Amino acid sequence: MFHMQEPTITWIKVEKPTFDLVGVVLGSFKLVGFMLVVAILVGVLLGVGLVLTRRRATPAPPLDDISLHLDTHA
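For clarity, every value in this text was computed on a predicted model and none was experimentally measured.

Student: How should the overall build of the chain be read in this particular structure?
Tutor: On a plain count of helices and strands, the chain comes out with two helices and zero strands. With 74 residues in all, the chain has 0% of them scored as buried. Accessible area of the chain: about 8,300 Å², with a carbon and sulfur share of 71%.

Student: Got a minute to help me understand a nonpolar patch on the surface in this structure?
Tutor: Where nonpolar side chains cluster on the molecular surface, the patch consists of Phe19, Leu21, Val22, Val24, Val25, Leu26 and Phe29 and spans about 730 Å² of accessible area. Tracing the backbone through its elements, the reader meets Leu26 in helix H1 (residues 21-56). Exposure remark for Leu26: the relative accessible area of 48% places this residue in the partly exposed category.

Scoring rules and cut-offs
Residues numbered from 1 in each chain as written. Predicted model: local features only at pLDDT ≥ 70, side-chain atom pairs only at ≥ 80, totals over all residues. Heavy atoms only, no water. Helix = DSSP H or I, 4+ residues; strand = E, 2+ residues; numbered from the N terminus. Buried < 20%, exposed > 50% of the residue type's maximum accessible area, 1.4 Å probe, protein only. Areas by Shrake-Rupley, 256 points an atom, 1.4 Å probe, with all protein chains shown as cover. Patch = residues over 30% accessible without salt bridge, like charges linked within 9 Å, V, L, I, M, F, W, Y side chains within 5 Å. Salt bridge = Lys/Arg side-chain N within 4 Å of Asp/Glu carboxyl O.

Put into structure tokens, the structure is as follows:
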């Protein structure tokens, strides 16, 4: 008759997983540092852009049109 062969089982030892708290904290600090640098760069670029566009804009109307005339005597 037929001889049935038993299936071969191979065991592999796997290390128990551990939680790397230091790695998580350092990774978070790196991400926050990167986001801080990006935020500062975007803020500087927007600020410079606003200053340059306002310098090129039409001059403001003379103060006399909107003045409270505080320097005159009543």
